[in-house]
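Here's the letter readout for the chains.
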Amino acid sequence: LQVAQRAFVILSQPRTAEEYESALRDLEREVDRLIHLSTDLLFLARLDQRRLPWRPQALDISDLLDAVVEQIQPLADAKGLLLETTMEPGLVIQGDPDHLIRLFLNLLDNAIKYTPPGGQITLRAGKEGTGVWVALSDTGPGIPAEHLPHVFERFYRVEKARSRESGGAGLGLAIAYEIARWHGGTIEAQSEPGHGTIFTVHLPFRPPEAHVVE
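Residues numbered from 1 in each chain as written. Predicted model: local features only at pLDDT ≥ 70, side-chain atom pairs only at ≥ 80, totals over all residues. Heavy atoms only, no water.

J.: What is the right way to read the sheet that holds strand S2 (residues 82-87) from this model?
T.: Strand pairing in a sheet relies on backbone hydrogen bonds. The paired strands run either parallel or antiparallel. Here we have 5 strands laid out as an open sheet, ordered S2-S4-S5-S7-S6, and mixed in their pairing. Each edge of the open sheet is held by one strand with a lone partner, namely S2 and strand S6 (186-191). Averaged over neighbouring strand pairs, the angle between their axes works out to 15° when direction is ignored. In the sheet, S6 pairs with strand S7 (residues 197-204) via 6 bridges, with the strands oriented antiparallel. Among the inter-strand pairings, Thr186 is bridged to a residue of S7, identified as His202. The strands touched by helix H3 (residues 61-78) within the sheet are S2, strand S4 (120-128), strand S5 (131-138) and S7, with S2 carrying the most contacts at an inclination of about 175°. Its contacts with the sheet place helix H4 (residues 97-114) against S2, S4, S5, S6 and S7, and it is angled at close to 170° to S7. (Pairing = 2+ DSSP bridges. Helix = DSSP H or I, 4+ residues; strand = E, 2+ residues; numbered from the N terminus. Axes fitted to C-alpha atoms, helices over the stretch in contact; angles between N-to-C directions. Contact = heavy atoms within 4.5 Å.)

Structure, rendered in structure tokens:
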């Protein structure tokens, strides 16, 4: 409804070609935001109903993370961010690659959004007793302690740092959390205002049985 109203306003007032182009670009961004939001909501609804495709297979987390970093590198470059990786080789687990790619893309996208130009994002991964860990740290503004317990809640956004103007709807971290949980893993956040944030994902070598249907 909001997009339709904005389109009506654009068409109902005389404008120069440049003004039309600017208004239509704004409208295009709003449509893209709504498409992204509806896609995320559908994903969460299907997950809640246990109706997500589930295709676990042996995969090397190091290779998967390399592919994710390559995909998102242009966004980091456009903002002048240094994106560094340090990963042990041979981090083989059982997991659904599509869902895990989405998990790490969401975390990296979140870090890029809230790290100021010229900052740094570091991705590290290694083995632990029962699985693997993946830690993503940034040099962003950090998250106040009172907000940390809520960052994985749906639609939760920290004031100012996680606003609609930055493009988020408060679902990216919630989706990452649910994907990790579906794999029998966890995500934890550590942060201090002015000192950046670290998200650490723990994934077991083998996920529990997931009752998901096509």
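Still to come is the rest of the account.
J.: Please explain the packing of aromatic side chains as it appears in this structure.
T.: Given two aromatic rings, their pairing is described by the distance between the two centres and the angle made by the two planes. Inspection of every chain in the model, using the stated rule, returns 2 aromatic pairs. Relative to Phe199, the ring of Phe152 lies with its centre 6.0 Å away and its plane at 70°, an arrangement referred to as edge-to-face. Pair noted here: Phe152 is in the loop between S5 and helix H5 (172-182) and Phe199 is in strand S7, with a separation of 47 residues, a long-range link. In this structure Phe152 comes out as buried when scored by relative accessible area, which is 16%. Judged by relative accessible area, Phe199 falls into the buried class, the value being 2%. The structure contains a cluster of three or more aromatic residues connected by ring pairs, namely Phe152, Tyr177 and Phe199. (Phe/Tyr/Trp six-rings, centres within 6.5 Å; stacked < 30°, edge-to-face > 60°. Buried < 20%, exposed > 50% of the residue type's maximum accessible area, 1.4 Å probe, protein only.)

J.: What is the right way to read the environment of Arg157 from this model?
T.: Tracing the chain through its elements places Arg157 in the loop between S5 and H5. The spatial distance from the C-alpha of Arg157 to the C-alpha of His147 is 8.7 Å, given a sequence separation of 10 residues.

J.: Looking at this model, I keep getting lost on the packing of H3 against H4. Mind explaining?
T.: Axes are the key here: two packed helices are described by the angle between their axes and the distance separating the axes. At a minimum axis distance of 10 Å, the contact between H3 and H4 shows a crossing angle of 40°. Compared by their axis directions, H3 and H4 come out oblique. By crossing handedness, the relation of H3 to H4 is classed as right-handed. Residues Ile61, Leu64, Leu65, Val68, Val69, Gln71, Ile72, Leu75 and Ala76 of H3 form the contact with H4, whose own contacting residues are Pro97, Leu100, Ile101, Phe104, Leu105, Leu108, Asp109 and Ile112. Looking at the contact of H3 with H4 residue by residue, the class counts come to 15 nonpolar, 1 polar and 1 charged. (Parallel < 35°, antiparallel > 145°, perpendicular 65-115°, else oblique. Left-handed = near helix turned anticlockwise from the far one by under 90°. Nonpolar A, V, L, I, M, F, W, Y, C, P; charged D, E, K, R; others polar.)

J.: Sorry if this is basic, but what is going on with the nonpolar core here?
T.: In a soluble, globular protein the nonpolar side chains are often hidden away together inside. Counting 46 residues, the largest nonpolar core has Ile61, Leu100, Leu103, Phe104, Leu107 and Val201 as the members making the most contacts within it. Mapped onto this core, the elements with two or more residues apiece are helix H2 (17-48), H3, H4, S4, S5, H5, S6 and S7. In terms of residues, this core owes the most to one element, H4, which gives 8 residues. With residues up to four places along the chain from it excluded, the contact list for Leu100 reads Leu59, Ile61, Leu64, Ile93, Gly95, Ile179, His183 and Leu203. (Core = buried A, V, L, I, M, F, W, Y, C linked by side-chain atoms within 4.5 Å.)

J.: Explanation requested: the pattern of salt bridges in the structure shown.
T.: A side chain with one charge may pair with a side chain of the opposite charge, provided their charged atoms come close. The full count for this structure, using the stated rule, is 3 salt bridges. When the shortest N-O distance is used, the salt bridge between Arg181 and Glu178 registers 2.7 Å. Placement of both Arg181 and Glu178 in helix H5 is noted, with a separation of 3 residues, approximately one turn of the helix. Judged by its relative accessible area of 11%, Glu178 falls in the buried class. Connected through shared salt-bridge partners, Arg154, Glu178 and Arg181 make up one network. (Salt bridge = Lys/Arg side-chain N within 4 Å of Asp/Glu carboxyl O.)

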